[in-house]
Amino acid sequence: MAEKQTQKRIRLRELRKTDWKDVHAYASQESTCRFQPWGPNAEEDTLEFICQVIKDTKHNPRSRYAFAIIEEKDEKLIGVAELNIRDFTNKIGEIGYVIHPDYWGRGYATEAGGLLLHLGYTVLRLHRIYATCHPDNEGSARVLEKLGMTKEGVLREDLKMGSGWRNSLLFSILEHEWTGMP
């Protein structure tokens, strides 16, 4: 019987200034930003984001790892995945991702999240990685569960959105719970 082979469909790479148009293609859409405290972006917003990410790569120690999600088949930027070290002493990181709506529902966010966990645990040697999402963002909550993260609860009114406050679902995974699959 033949073994089931899994194809690597995406890779992560450092963002480049020339990526701004591809990022803007989704960051300017209302559907992408529906659950976010930012957007829809004007071109200046997207350029500012890209420039800040590039600037943050030079910090020592580096705490922000924001990567272009590249679909291998077409070599196309389809989103951004980010890991931020929130506490160096206690080895705590936070992950997040944004995928172009044309690629939703295909498992790319789960793959990108797996690559971020791999980076966090094997390269950065973190102990705990967490993520938050809007309570109504069922797709993102499913992604976090597929990554093996445990829903810890609700952070009440922890994020300013527009004219009001938003609750966030909190998920986490500890290094000894991580199965090691990218």
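Here is a short report on the structure shown in this document. (Residues numbered from 1 in each chain as written. Predicted model: local features only at pLDDT ≥ 70, side-chain atom pairs only at ≥ 80, totals over all residues. Heavy atoms only, no water.)

What follows concerns the packing of aromatic side chains. Under the definition given, this model contains three aromatic pairs. Centroid distance Tyr 121 to Trp 178: 5.4 Å. Interplanar angle 35°. Geometry classified as tilted. Of this pair, Tyr 121 sits in helix H4 (residues 108-123) while Trp 178 sits in the segment after strand E7 (164-174); the two residues are 57 residues apart in sequence, bridging distant segments of the chain. Each member of the pair, Tyr 121 as well as Trp 178, is classed as buried. Directly above the ring of Tyr 108 sits Arg 9, whose terminal nitrogen or CZ lies 4.2 Å from the centroid. (Phe/Tyr/Trp six-rings, centres within 6.5 Å; stacked < 30°, edge-to-face > 60°. Helix = DSSP H or I, 4+ residues; strand = E, 2+ residues; numbered from the N terminus. Buried < 20%, exposed > 50% of the residue type's maximum accessible area, 1.4 Å probe, protein only. Lys NZ or Arg CZ within 6 Å of the ring centre and 35° of its normal.)

With that out of the way, let us pick up the pairing of strand E6 (residues 150-161). Consecutive residues of a regular strand have side chains that alternate between opposite faces of the sheet. Bridge analysis of E6 against E7 gives eight bridges, and the strand direction is antiparallel. Pairing of Thr 150 across the sheet is with Ser 172, part of E7. Hairpin connection, E6 to E7: the antiparallel pair is bridged by two residues, and Gly 162 has positive phi, about 60°. (Pairing = 2+ DSSP bridges.)

Three or more residues of helix H5 (residues 138-146) are buried, namely Ser 140, Ala 141, Val 143 and Leu 144. The buried residues of H5 occupy an angular sector of 155° when projected down its axis, which confines them to one face. Exposed and facing more than 90 degrees away from the buried side of H5 are Glu 138 and Lys 146. In the stretch just after H5, Gly 148 is the one whose phi turns positive, near 90°. (Arc of directions from axis to C-beta.)

What the rule picks out here adds up to nine salt bridges. In this structure, Glu 82 and Arg 64 form a salt bridge, with 2.5 Å as the shortest nitrogen-oxygen distance. In this pair, Glu 82 is assigned in strand E3 (residues 76-87) and Arg 64 in strand E2 (residues 64-71), connecting sequence segments 18 residues apart. Residues Glu 82 and Arg 64 agree in their burial class; the two are buried. Note that Glu 152 and Arg 128 form a salt bridge whose closest N and O atoms lie 2.8 Å from each other. With Glu 152 in strand E6 and Arg 128 in strand E5 (residues 128-133), this residue pair connects regions lying 24 residues apart in the sequence. By relative accessible area, Glu 152 is classed as partly exposed at 41%. What you see here is one network of salt bridges that share partners, running through Arg 11, Glu 72 and Glu 75. (Salt bridge = Lys/Arg side-chain N within 4 Å of Asp/Glu carboxyl O.)

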